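# Fold and geometry: a report
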Amino acid sequence: MKKGKKLYEGKAKIIYATNDKNLVIQYFKDDATAFNNQKKTTIEGKGVLNNRISEHILSNLSQIGIKNHLVKRLNMREQIIKLVEIIPIEFIVRNVATGSITKRLGIEDGTVLKEPLIEYCLKDDKLGDPLIAEEHIIAFDWASKNEIDRIKKMILRINDFMIGMFRGVGIKLIDFKLEFGRLKSNGKQEVILADEISPDTCRLWDSITDKKLDKDRFRKDLGDLIPAYTEVAKRLGILHEQSNVSAVNVTKLSSVKRKKK
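What counts, and at which threshold
Here the residue index of a chain counts from 1 through its sequence in written order. A pLDDT threshold of at least 70 governs which residues receive local features in this predicted model, and a stricter bar of 80 or more applies before side-chain atom pairs are shown or counted, although totals over entire chains, interfaces and linings include all residues. Excluded from the side-chain calculations are hydrogens and water; all other atoms, namely the structure's heavy atoms, are used. The aromatic pairing rule takes the rings of Phe, Tyr and Trp, using the six-membered ring of Trp, and pairs them if the centres are within 6.5 Å, calling planes under 30 degrees apart stacked, those over 60 edge-to-face and the rest tilted. Burial status follows relative accessibility: with a 1.4 Å probe on protein chains alone, a residue under 20% of its type maximum counts as buried, one over 50% as exposed, and anything between as partly exposed. A ring has a charge above it when a Lys NZ or an Arg CZ is no more than 6 Å from the ring centre and no more than 35 degrees off the ring normal. Each residue gets a pLDDT score, which is the predictor's confidence in that residue and runs from 0 to 100. By definition, residues are in contact when any of their heavy atoms lie within 4.5 Å. Any Lys or Arg side-chain nitrogen located within 4 Å of an Asp or Glu carboxyl oxygen qualifies as a salt bridge. By definition, any uninterrupted DSSP run of H or I lasting at least four residues is a helix, any uninterrupted run of E lasting at least two residues is a strand, and each is numbered from the N terminus. Only strands joined by at least two bridges in the DSSP assignment are considered to pair. In this description, a line fitted to the C-alpha atoms serves as the axis of each element, helices being fitted only across the stretch in contact, and the angle between N-to-C directions of two axes falls anywhere from 0 to 180 degrees.

Now for the packing of aromatic side chains. What the rule picks out here adds up to three aromatic pairs. A ring pair is formed by Phe-140 and Trp-142, whose centres lie 5.3 Å apart and whose planes are at 40 degrees; its orientation type is tilted. The class for Trp-142 is partly exposed, based on a relative accessible area of 22%. The positively charged end of Lys-39 is found above the aromatic ring belonging to Phe-218, 4.8 Å away from the centroid. Looking at Lys-212, its charged tip hangs above the ring of Trp-205, at a distance of 4.5 Å from the centre.

Here it is as structure tokens:
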């Protein structure tokens, strides 16, 4: 498949056209950002790990009937994905209260929620991805009531599956972000899971120690995130002790040099 022009570049990924109008190439960057791009750096190997982990999770979700945009992984940094119209909403799924919700509502950090909490944020960097209500989504026609209802059902199924998947490898799924897109096929339109699911978009804590294995290591200056992301990949069975994750091996990634922008 031939890679064409760049269609879009976000904080963590680049989308390229292909010679198939229904498919695009998603490239995973090494850029790390936090606090609405106020904190940023480049961490060699991060994109490689996110590509592998996201491929693994999306492939497993496909097997339980969750339709998503992944077609296949091309190489260590790229995937072929279906071209979708992204719904401009970030769906935040919380199983344990931490991060912004604890500051916003005065909830004790680490509070286990009785049931999953779904929050909505408008995808707009200039506005700081503001928290919105379901009524806003419908009022401003960002998505229909039927679309939101279908998405919520998918979210709960995804959450149940991922909790079990991570629990099986000694990790607690604290919260995560999902995005969805509209796919046109044979004259019909359906909503499918899009973007990525990786330690960049999930909060993952070790089940015993509560050690952070996600992007909070970068947000909160807890130490290099490459060893943590590598640990997640190893526990999921994606990487083995002697396997390479890119042109450099896991050992080298563990001592990666950060390049400040």
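In this model, the protein carries a mean pLDDT of 91, and residues with pLDDT of at least 70 account for 92%. This stretch, residues 241-261, has a pLDDT under 50; its non-local contacts, to residues over four places away or in other chains, come to 42 contacts.

What follows concerns the pattern of salt bridges. Following the criterion strictly, the structure yields 29 salt bridges and no others. Between Glu-196 and Lys-13 there is a salt bridge; the shortest N-O distance is 2.7 Å. Linking Glu-196 in the loop between strand E13 (188-194) and strand E14 (202-206) with Lys-13 in strand E2 (residues 13-18), this pair joins segments that are 183 residues apart in sequence. Lys-13 shares its class with Glu-196; the two are buried. Across the salt bridge formed by Glu-179 and Lys-123, the nearest N and O atoms sit 3.2 Å from each other. Remark: Lys-123 occurs in the loop between strand E10 (111-122) and strand E11 (131-132) and Glu-179 occurs in strand E12 (residues 171-185); sequence separation between them is 56 residues. Here Glu-179 falls in the buried class, since its relative accessible area comes to 7%. A relative accessible area of 31% places Lys-123 in the partly exposed class. Each member of the salt-bridge network shares a partner with another, and the members are Arg-94, Arg-104, Glu-119, Asp-175, Arg-203, Asp-216, Arg-219 and Lys-220.

This part is about the sheet that holds strand E6 (residues 70-73). Within a sheet, adjacent strands bond to each other through the backbone by hydrogen bonds, running parallel or antiparallel. Spatially, the five strands line up as an open sheet ordered E1-E2-E3-E7-E6, and their pairing is antiparallel. The open sheet has two edge strands, strand E1 (3-9) and E6, and neither has a second partner. Ignoring which end each strand starts from, the neighbouring axes of this sheet average 30 degrees apart. Strand direction decides the pairing type here: E1 and E2, joined by four bridges, are antiparallel.

For the rest of this paragraph, the subject is the environment of Ile-118. Residue placement: Ile-118 occurs in strand E10. With 105 residues separating them in the primary sequence, Ile-118 and Gly-223 have C-alpha atoms 29 Å apart. Discounting chain neighbours no more than four positions away, the residues touching Ile-118 are Ile-92, Lys-152, Ile-155 and Leu-156.

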